Amino acid sequence: QCDRQQVSHVFYQAITDHVHRAAGWNGHGPPADRGGPRYVLTQDGEISLENTENDGEKRSLVEMAEDQKYKFIIYRRLIEGRFIHEYARKAIDIYLGIVDEARRLAQSRYPSAEFHVILWDEDNVDNRAVRDGLWQRGIDVHLISDILPNYEVGEVNERYLIHERDFHPNALANEIIARYLIDEVMGSPRLAQDVDAGKPEGDGLTRLRCASVGAHG
């Protein structure tokens, strides 16, 4: 059990796909569960969770397919390229607001901790909008292309994937990311040596355990 004052770093891994999950819909129109819980932006730019007590109005896939709005969504997904926004600006702003709220909560709970975002950068305007939005909020952002050797933005990068059909990072990717955070962010060569030996000790062990790491989506 770590004392809150001992928590030195909070890390959050971000991907572009988090945008539509955060908004509770695909970024263009209402979700299939139109009355279900979702985050919204308030008039003052804060984040609020709504409809938490409502099961919502369910829509079948057939009903959605008959809706002209959803036909347009499907059309856009089929033809859009990397230079066109896939997500509405409002959805991106909601996601940025959620990350900013996570930073606020982290700082209130762990007053000695730094908040960092690890962004899996992609070659599209939405990813760049997320990156720029985080920078504008003064959040420390670390791009995966600067962390993983020979990582090519916009490519599949199978070396770092669990499987060709599962794009989550594999053990190699997580090991390299962890080493980067220890060496470049936490600034502890001793801790890196302890991790290599499989026996972190003393202050190094405390720092390793007390760095709160956000999960990849």
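So, here's what we can say about the structure. (Residues numbered from 1 in each chain as written. Predicted model: local features only at pLDDT ≥ 70, side-chain atom pairs only at ≥ 80, totals over all residues. Heavy atoms only, no water.)

Let us look at the side chain of Arg103. In this structure, Arg103 sits in helix 4 (residues 89-109). The exposure class of Arg103 is buried, given its relative accessible area of 16%. Each residue touching Arg103, except ones within four places of it in the same chain, is listed here: Phe115, Arg137, Gly138 and Ile139. (Helix = DSSP H or I, 4+ residues; strand = E, 2+ residues; numbered from the N terminus. Buried < 20%, exposed > 50% of the residue type's maximum accessible area, 1.4 Å probe, protein only. Contact = heavy atoms within 4.5 Å.)

A few words on the pairing of strand 1 (residues 9-14). In terms of burial, strand 1 is a largely internal element, five of the six residues being buried. In this sheet, strand 4 (residues 114-119) lies alongside strand 1 in parallel orientation, the contact comprising six bridges. Residue pairing across strands places Gln13 opposite Ile118, the latter belonging to strand 4. (Pairing = 2+ DSSP bridges.)

Sheet topology places strand 4 next to strand 5 (residues 140-143); four bridges connect them, and they run parallel. When the sheet's bridge partners are listed, Val117 is paired in strand 5 with Val141. Note that the unit made of strand 4, helix 5 (residues 125-136) and strand 5 has a crossover that is right-handed. (Right-handed = clockwise from strand over helix to strand, strands pointing away.)

To continue, consider the pattern of salt bridges. On inspection of all chains with the given rule, the structure shows six salt bridges. In this structure, Asp100 and Arg137 form a salt bridge, with 3.9 Å as the shortest nitrogen-oxygen distance. Residue Asp100 is located in helix 4, and its partner Arg137 is located in the loop between helix 5 and strand 5; the two are separated by 37 residues in the primary sequence. Relative accessible area serves as the criterion here: at 24%, Asp100 is assigned to the partly exposed category. For the salt bridge of Asp123 with Arg128, the shortest nitrogen-to-oxygen distance reads 3.3 Å. Given a relative accessible area of 27%, Asp123 falls into the partly exposed group. What emerges from the salt-bridge pattern is a single network uniting Asp100, Arg103 and Arg137. (Salt bridge = Lys/Arg side-chain N within 4 Å of Asp/Glu carboxyl O.)

Relative to the helices and strands, Asp3 resides in the segment before strand 1. The spacing of Asp3 and Tyr110 is 107 residues in sequence and 9.0 Å in space, taken between C-alpha atoms.

It is worth spelling out the nonpolar core at this point. Core analysis: the biggest nonpolar cluster contains 22 residues, and Val130 and Leu134 have the highest contact counts within it. Listed by contribution, the elements that provide at least two residues to this core are strand 1, helix 1 (18-23), helix 4, strand 4, helix 5 and strand 5. Of the residues forming this core, the biggest block, six residues, is contributed by helix 4. Leave out the neighbours within four places in its chain, and Val130 touches Val19, Ile92, Tyr95, Leu96 and Leu119. Counting 17 residues, the second largest nonpolar core, distinct from the first, contains Ile144, Tyr151, Ile176 and Ile177. (Core = buried A, V, L, I, M, F, W, Y, C linked by side-chain atoms within 4.5 Å.)

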